[in-house]
Structures are given as C-alpha cells and as structure tokens.
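Coordinate analysis (summary)
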Amino acid sequence: MAGTGIITGEDGKDRCFWHGNLPEYQRYHDQEWGRPVIDDIRLFEKICLEGFQSGLSWLTILRKRENFRAAFAGFDFEKVAKFGEADIERCLGDAGIIRHRGKIVSTINNARHAIELRQEFGSLARYFWSHEPAAAERPALVDYPTIAANPTTPASVRISKDLKKRGWTFVGPTTVYAFMQAMGLVNDHIEGCYCRKEVEAMRNALVRP
C-alpha cells in the first residue's frame with residue numbers, strides 16, 4: 001500500500017486497500033461498493049446494516065448479511081414496521097445476527113419512518129439522491145489521505161441531521177457517509193483503483209430518481 005491506499009490483487013488489478021484481498025470482501029468491493037443504487041429496499045437495508053456495523057467491522061456484517069435479511073423480512077420496511085415485541089425477542093435470540101436490542105429496535109423504528117419518507121417524497125431513493133453532494137463539495141482528487149481525513153462530509157452531516165429530526169436513529173454523520181459511499185451517492189474508489197472509472201461511468205449514466 002505504501003501510503004497510496006492501493007493494493008494489487010492476485011489477478012494483477014489495483015484496488016482500494018480496505019478489502020485486504022479477502023475473497024468475499026474483494027467481491028463486495030468490486031461488484032457492489034460505490035455502484036449507484038436507487039432501489040428503496042436496498043437503500044433501507046444498507047442504512048440499517050450500517051447502523052448495526054457501528055463499533056464493528058463491515059466484514060462482520062457482510063458475513064451475516066443473509067441472516068439479517070432472513071431476520072428482517074428482506075428489509076421490506078412495510079413488513080418490518082409491523083414488528084412487535086415478539087419479533088424483537090426473536091431477533092435477540094438469533095445468533096446469526098448482531099443481538100443488540102437498541103439496534104434491533106432502531107431498525108423497526110426506522111422502517112416506520114421510511115414509510116413516512118416514501119409518502120412525502122415518493123421514494124427513499126428520491127429523498128437520498130436529492131442530497132447527492134454537488135461537485136463543488138467533492139475533493140478534486142479522491143486519494144487515500146483525503147478519504148482517511150474525512151469520515152464525515154457536509155452532505156452526510158445534513159442528511160444525518162434531517163433524518164434525526166424525522167425520528168430516525170443510529171444515523172450519525174459517519175454512518176450516513178459510509179452509506180453514501182456504498183450506495184454510490186459519491187464515488188470514493190481511490191484514484192488508481194480499477195473500479196473508479198467503472199463506477200463513475202455508472203454514475204454518469206444514472207437517471208436520478
């Protein structure tokens with residue numbers, strides 16, 4: 001890595017460093033991270049899982065993602081919003097997920113507010129993409145020092161503040177920025193990563209909701 005934030009895989013491709021060449025993590029980096037998402041279920045799933053990830057590694061969550069999907073009705077927020085105490089206890093007894101009562105309750109709470117958000121904006125996608133940062137807010141060069149020095153951004157602070165005002169929980173600015181990076185609201189693949197141009201092309205072609 002040598003301070004560049006880039007590592008070379010066994011396939012000879014240069015990538016962002018953070019997947020550490022672990023096969024499942026590398027696959028997530030190559031096929032998912034940063035590629036723009038406008039599907040409401042996937043957006044809701046991701047912001048919830050980012051909340052569960054708080055204090056843990058994303059790899060831990062990634063390895064449990066299918067278990068989370070099973071526990072939370074595929075993150076269909078219409079269904080999750082109807083969860084009650086029996087569902088909370090069920091989730092607390094599920095060794096396949098992170099058994100944190102506060103985060104489980106938060107997911108149910110956020111599902112109810114997601115319905116409200118969709119009613120107001122038409123879709124979660126329209127809400128989140130309306131907060132996509134303008135070019136003037138983005139760094140001229142996305143390199144390792146820039147990424148390392150900016151765990152939050154003005155846009156993630158704005159979204160976090162607005163979501164909290166609407167009753168959402170576990171949506172701090174750092175959590176929201178990780179969500180933005182993963183869902184393609186920004187392209188934070190480091191310069192030199194082979195995915196950066198692919199992701200930028202997808203973002204340029206995207207019809208915003």
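All chains use their own residue numbering, which begins from 1 and follows the written sequence. Given that the model is predicted, a residue must reach a pLDDT of at least 70 before its local features are reported, and side-chain atom pairs must reach 80 or more before they are shown or counted; all residues, however, enter totals for whole chains, interfaces and linings. Hydrogens and waters are ignored; side-chain quantities use all the structure's heavy atoms.

Quick notes on the packing of aromatic side chains
Geometry of aromatic contacts follows a simple scheme: Phe, Tyr and Trp rings, the Trp one being its six-membered ring, pair when their centres are within 6.5 Å, and the pair is stacked under 30 degrees between planes, edge-to-face over 60, tilted otherwise. By the definition in use, this model includes 15 aromatic pairs. Taking 5.9 Å as the distance between ring centres and 55° as the angle between the ring planes, the aromatic pair formed by Phe52 and Phe72 counts as tilted. Placement of the pair is Phe52 in helix α2 (residues 40-53) and Phe72 in the loop between α3 (58-71) and α4 (77-80), with a sequence separation of 20 residues. For every residue, the accessible area (1.4 Å probe, protein chains only) is compared with the maximum for its type, and the residue is labelled buried under 20%, exposed over 50%, or partly exposed between those bounds. A relative accessible area of 0% means that Phe52 is categorised as buried. With 4.8 Å between their ring centres and 55° between their planes, Phe128 and Phe179 make a pair best called tilted. With Phe128 in helix α7 (residues 124-129) and Phe179 in helix α10 (residues 173-183), this pair connects stretches of sequence that are 51 residues apart. The numbering of helices and of strands both runs from the N terminus, where a helix is a DSSP run of H or I of at least 4 residues and a strand a run of E of at least 2.

Topic: α2
Each α-helix winds once per 3.6 residues, and so residues spaced three or four apart point in a common direction. Expected span of a helix: the number of residues minus one, times 1.5 Å. An ideal rise of 1.5 Å per residue puts 20 Å on 14 residues; α2 measures up with 20 Å between its terminal C-alpha atoms. The element α2 is largely enclosed, with a buried count of twelve among its 14 residues. When α2 is considered as a whole, its buried residues turn out to be Asp40, Leu43, Phe44, Glu45, Lys46, Ile47, Cys48, Leu49, Glu50, Gly51, Phe52 and Gln53. Between the side-chain oxygen of the N-cap and the backbone nitrogen of Ile41 there are 3.2 Å, and the N-cap of α2 in question is Asp39. In the analysis that follows, any N or O atom pair within 3.5 Å is treated as a polar contact, provided that within protein one partner can donate a hydrogen and the other can accept it, and provided that, for residues neighboring in sequence, both atoms belong to side chains.

Quick notes on the side chain of His189
Mapping His189 onto the fold places it in the loop between α10 and α11 (195-205). A relative accessible area of 1% means that His189 is categorised as buried. Within the structure, His189 has its side chain in polar contact with the backbone oxygen of Trp33 (distance 2.8 Å). Residue contacts are defined here by distance: any two heavy atoms, one from each residue, within 4.5 Å place the two residues in contact. Setting aside anything within four residues of it in sequence, one finds His189 in contact with Cys16, His29, Trp33, Gly34, Val142, Cys195, Arg196 and Val199.

Let's talk about the nonpolar core
Across soluble globular proteins, nonpolar side chains have a tendency to be buried as a group. To form a nonpolar core, buried Ala, Val, Leu, Ile, Met, Phe, Trp, Tyr and Cys residues must be joined to one another through side-chain atoms within 4.5 Å. Ranked by internal contacts, the top residues of the largest apolar core, which has 51 residues, are Phe44, Phe68, Phe72, Phe128, Leu163, Trp168 and Met180. When sequence neighbours within four positions are dropped, the list of residues in contact with Met180 reads Pro133, Ala155, Ser156, Ile159, Leu185 and Val186. The next biggest cluster of nonpolar side chains, apart from the first, holds five residues, and it includes Ile6, Cys16, Ile190 and Cys193.

Observations regarding the pattern of salt bridges
What makes a salt bridge here is a side-chain nitrogen of Lys or Arg within 4 Å of a carboxyl oxygen of Asp or Glu, nothing more. Enumeration according to the criterion identifies 20 salt bridges in this entry. Measuring nitrogen to oxygen at the nearest pair gives 2.6 Å for the salt bridge that ties Arg101 to Glu89. Taken as a pair, Arg101 in helix α6 (residues 101-121) and Glu89 in helix α5 (residues 85-92) lie far apart in primary sequence, twelve residues in all. Of the charged contacts, one joins Arg166 and Asp162 as a salt bridge, the two residues approaching to 2.8 Å between their closest N and O atoms. Taken together, the salt bridges that share partners define one network made up of Glu132, Glu200, Arg203 and Arg208.

Honestly, it's all geometry; don't read function into it.
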